[in-house]
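What the coordinates show
Chain by chain, the residues:
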Amino acid sequence: MSEYRHDLVTGQWVIVASNRGERPDEFVETVFERINQDCPFCSGREDDTPPEVARYQLRRTKGWQVRVVPNKYPAVTTSAPPPPPTLSLPAQSGFGVHEVVIESPEHVTSLTELSAEATTLVFRAYADRLAALRKRGDLAYGVVFKNVGASAGASLEHVHSQVLATALVPPPIEQRLARWQQEFQRTDSSVLLRFIQEELAQPQRVIQQTDNFAAVCPFASRVPYEMRIVPLAPRVYFEQSTAAELDELAKLVRDVLTRLEQITNRMAYNLIIHTAPFDSAPHDYYHWHIEILPRLTRAAGFEWGTGCFINPLTPENAAQRLRDA
Ligand SMILES: [Zn+2]
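Now for a description of the structure that goes with this document. This one's a predicted model, so the numbers in the text were calculated from it and none came from an experiment.

Strand order in the open sheet formed by three strands is β1-β2-β13, with mixed pairing between adjacent strands. Sheet topology places β1 (2-6) and β13 (309-311) at the edges, where each strand pairs with a single neighbour. When the angles between neighbouring strand axes are averaged without regard to direction, this sheet yields 25 degrees. Of the strand pairs in this sheet, β1 and strand β2 (residues 13-17) are connected by five bridges, and their pairing is antiparallel. Across the sheet, the residue bridging to Glu3 is Val16, located in β2.

Looking now at the coordination of the zinc ion. Coordination of the zinc ion by the protein involves Cys39 (SG), Cys42 (SG), His107 (ND1) and His158 (ND1), with metal-donor separations of 2.1 to 2.3 Å. Considering all four donor atoms around the zinc ion, the spread of angles at the metal, 103 to 118 degrees, places the coordination shape in the tetrahedral class.

The next subject is the sheet that holds strand β11 (residues 269-274). Strand order in the open sheet formed by 10 strands is β3-β4-β5-β7-β6-β11-β12-β10-β9-β8, and the pairing between neighbours is antiparallel. Among the strands making up the open sheet, the edge pair consists of β3 (54-56) and β8 (206-209). Strand after strand, the sheet turns through a mean of 15 degrees between neighbouring axes, direction not considered. Examined bridge by bridge, strand β4 (residues 66-70) and strand β5 (residues 96-102) share four bridges and lie antiparallel to one another. Bridge pairing in β5 links Pro70 to Glu99. Its contacts with the sheet put helix α6 (residues 315-324) on β8 and β10 (227-231), and the angle it makes with β8 is roughly 45 degrees.

With that settled, the discussion passes to the packing of helix α2 (residues 171-187) against helix α3 (residues 191-201). Relative orientation of the contacting elements α2 and α3 amounts to 75 degrees, with a least axis distance of 9 Å. One way to sum up the angle between α2 and α3 is to call them roughly perpendicular. Taken together, the residues of α3 that come into contact with α2 (itself represented by Trp180, Glu183, Arg186 and Thr187) are Val191, Leu192 and Arg194. The residue inventory of the contact of α2 with α3, partitioned by class, reads three nonpolar, one polar and three charged.

Time to look at the pattern of salt bridges. As enumerated under the stated definition, the model contains 22 salt bridges in all. Put simply, Lys146 and Glu103 hold a salt bridge, and the shortest N to O gap is 2.5 Å. Pair noted here: Lys146 is in strand β6 (residues 141-148) and Glu103 is in the loop between β5 and α1 (116-136), with a separation of 43 residues, a long-range link. One connected set of salt bridges, linked through shared partners, spans Glu3, Arg5, Glu199, Arg205 and Glu316.

Analysis parameters
Residues numbered from 1 in each chain as written. Predicted model: local features only at pLDDT ≥ 70, side-chain atom pairs only at ≥ 80, totals over all residues. Heavy atoms only, no water. Pairing = 2+ DSSP bridges. Helix = DSSP H or I, 4+ residues; strand = E, 2+ residues; numbered from the N terminus. Axes fitted to C-alpha atoms, helices over the stretch in contact; angles between N-to-C directions. Donors = N, O, S within 2.8 Å, 3.2 Å for Na, K, Ca; no water. Tetrahedral: all angles 85-135°; square planar, octahedral: opposite > 155°, others 65-115°. Contact = heavy atoms within 4.5 Å. Parallel < 35°, antiparallel > 145°, perpendicular 65-115°, else oblique. Nonpolar A, V, L, I, M, F, W, Y, C, P; charged D, E, K, R; others polar. Salt bridge = Lys/Arg side-chain N within 4 Å of Asp/Glu carboxyl O.

Take a look at the structure:
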């Protein structure tokens, strides 16, 4: 089977071409090896990271459970000088904030190895950091992301995520948001809300649902086992989630990652938390969400050349396997 599918949310087209092999085992080339490396994120090595900006403790314990530190090798900084005025090509200073969320004092490599309480604390840290960066007033956009496995961009295996806030809204996101705004004016409903309502109406791509969230393999999944986690009611700002919502969400993310790991142990993946831009404009068209993109396949010539992904596993099949896991 080969089919062009359009994603309401990203605006991207994908080619679902399951004739290229329904067995994703054929594509398991990016699974990562555990390496016993000298680890600056382990407890006892706190002096090897820049001074922390936040720390979280579990109840009834001593010592930290989650630490947030500035990235030692940041992509953007608050002290970036303006670029030399020799070029006429557009450029501006790399102003921004780049932080690391260290998610356990122990040397564990997956969120699924943490207790439920510790996982909730990690999500609390994400929300707090986004709220703090929004409050600064000098940043335009913030994103939380997790790279697991070298092929997903991780340089350290110790369980961690990154928070990166930029001085401008990345242009592809800006285009996406302009489209969402138009759709909101046209339909009076957010694109994400319509997306999740459509998915729940025909639940063959639903992996798991809780009181307030659903996890699905999107209709136009770009890669095998792509997952999208969406609040069922309109929610603009991830960082305004209540403690109960963060607790429920953390459990759901842990559950779906456990399912993924049961299909292929140590699968490399990226997890991304999208929230509304930091400007003060009304964002009623916005709906926060989480994307999980496993790295079983590689973006190759067609993907780089067209921006259009070829997915060899139908999302219906992927969701079935994840439900059964
Ligand atoms: Zn470690």
